[in-house]
Amino acid sequence: MSMAARERRFRFVRFTEKHIPLRYYKCSSFTDMQKLERDYACFVTGSDQVWNPFFWGDAEADRLFNLYFLAFAPDGKRIAFSASIGINTLPEKWKGKFSEEWKKFRAISVREDRGAEIIRECCQIDVPVLIDPTLALS
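Now for a quick tour of the structure. The numbers attached to residues start from 1 for each chain and follow its sequence in the written order. The predicted nature of this model means local features are confined to residues of pLDDT at least 70 and side-chain atom pairs, given and counted, to a pLDDT of 80 or more, with totals for whole chains, interfaces and linings taken over all residues. To obtain the side-chain values, all non-hydrogen atoms of the structure were included, while hydrogens and water were left out.

### Comments concerning the layout of surface pockets
Thinking step 1. Here a cavity denotes a set of grid points, spaced 1 Å apart and computed over the protein atoms alone, in which a 1.4 Å probe fits but from which it cannot get out, and a pocket denotes an open set meeting protein on both sides within 12 Å along at least five of seven lines; residues with an atom within 4 Å of a point are reported as lining. Grid points are joined across faces, edges and corners, and a volume is the space filled by probe spheres set on the points. What the largest pocket holds in volume is close to 630 Å³.
Thinking step 2. Along the walls of the largest pocket sit 18 residues, with Ile 20, Pro 21, Leu 22, Val 44 and Thr 45 positioned nearest its centre.
Thinking step 3. For the lining of the largest pocket, the per-class residue count stands at 11 nonpolar, 4 polar and 3 charged.
Thinking step 4. A volume near 190 Å³ is recorded for the second largest pocket.
Thinking step 5. Lining the second largest pocket are Phe 12, Phe 15, Thr 16, Ile 20 and Leu 137.
Thinking step 6. Per-class residue counts for the lining of the second largest pocket are 4 nonpolar, 1 polar and no charged. Nonpolar residues are Ala, Val, Leu, Ile, Met, Phe, Trp, Tyr, Cys and Pro. Charged residues are Asp, Glu, Lys and Arg, and all others, Gly as well, are polar.

Below you can see the structure in the form of structure tokens.
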């Protein structure tokens, strides 16, 4: 690892320790994740391609769907911040499940115009399109 890479990592870790309180949980079941609800006011999802079912693989699809849609969290405690779908057409087999879960979110924003259109088509919810959070700060 180069000196520049070590310095970058050091600064990242230092910033996180100073500004972002972290707690680590080992959740080995869906029930374990549901227990987190009593400790947090909300849960946030969002990332590049987080709602792209083609990235999940068949063996992991159900588990990752539940994780990325925060299915363990109660309705109204779910927030999606600059989530990305990353595809132009949602596969038919997922439309009903995606729509059902999107309706349980307190707030949703996405990264791409087509993602906002897909959500509107699936569940008649208008969501804002925001920049990728990594580009929000200089």
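### Quick word on the packing of aromatic side chains
Thinking step 1. Any pair of Phe, Tyr and Trp rings, taking the six-membered ring for Trp, is counted once the centres come within 6.5 Å. Such a pair is stacked with planes under 30 degrees apart, edge-to-face with planes over 60 apart, and tilted for the rest. All told, the structure shown has 17 aromatic pairs when counted by the stated rule.
Thinking step 2. Between the aromatic rings of Phe 69 and Phe 98, the centroid separation amounts to 4.8 Å while the plane-to-plane angle is 65°, which identifies the pairing as edge-to-face. Placement of the pair is Phe 69 in the loop between helix H3 (61-68) and strand E2 (78-83) and Phe 98 in helix H4 (residues 92-102), with a sequence separation of 29 residues.
Thinking step 3. Only protein chains enter the accessibility calculation, which uses a 1.4 Å probe. A residue is then buried if its area is under 20% of the maximum for its type, exposed if over 50%, and partly exposed in between. What makes Phe 98 buried here is its relative accessible area of 0%.
Thinking step 4. Clustering of aromatic rings is evident, with ring pairs tying together Trp 51, Trp 56, Phe 65, Tyr 68, Phe 69, Trp 94, Phe 98, Trp 102 and Phe 105.
Thinking step 5. Here, a charge over a ring is recorded when the distance from Lys NZ or Arg CZ to the ring centre is within 6 Å and its angle to the ring normal is within 35 degrees. Over the aromatic face of Phe 105 sits the side chain of Arg 78, whose NZ or CZ is 6.0 Å from the ring centroid. Secondary structure elements are taken from DSSP: a helix is a run of H or I of four residues or more, a strand is a run of E of two residues or more, and numbering for both begins at the N terminus.

### Let's talk about H3
Thinking step 1. Here H3 has its buried residues at Ala 61, Leu 64 and Phe 65. Angular distribution of buried residues about the axis of H3 spans 105°; they occupy a single face of the element.
Thinking step 2. Check the buried side of H3 and you find it contacts H4.
Thinking step 3. Residue Leu 70 follows H3 closely and has a positive phi angle near 55°. The arc refers to the directions leading from the helix axis to the C-beta atoms. Contact definition: two residues touch when any of their heavy atoms are within 4.5 Å.

### Observations regarding unusual backbone geometry
Thinking step 1. Non-glycine residue Leu 70 carries a positive phi angle of around 55°.
Thinking step 2. Non-glycine residue Ser 82 carries a positive phi angle of around 50°.
Thinking step 3. On the secondary structure map, Ser 82 appears in strand E2.
Thinking step 4. Of the residues examined, Ser 82 reaches a relative accessible area of 1% and is grouped as buried.

Remember that the coordinates give geometry; whether it matters functionally is a separate question.
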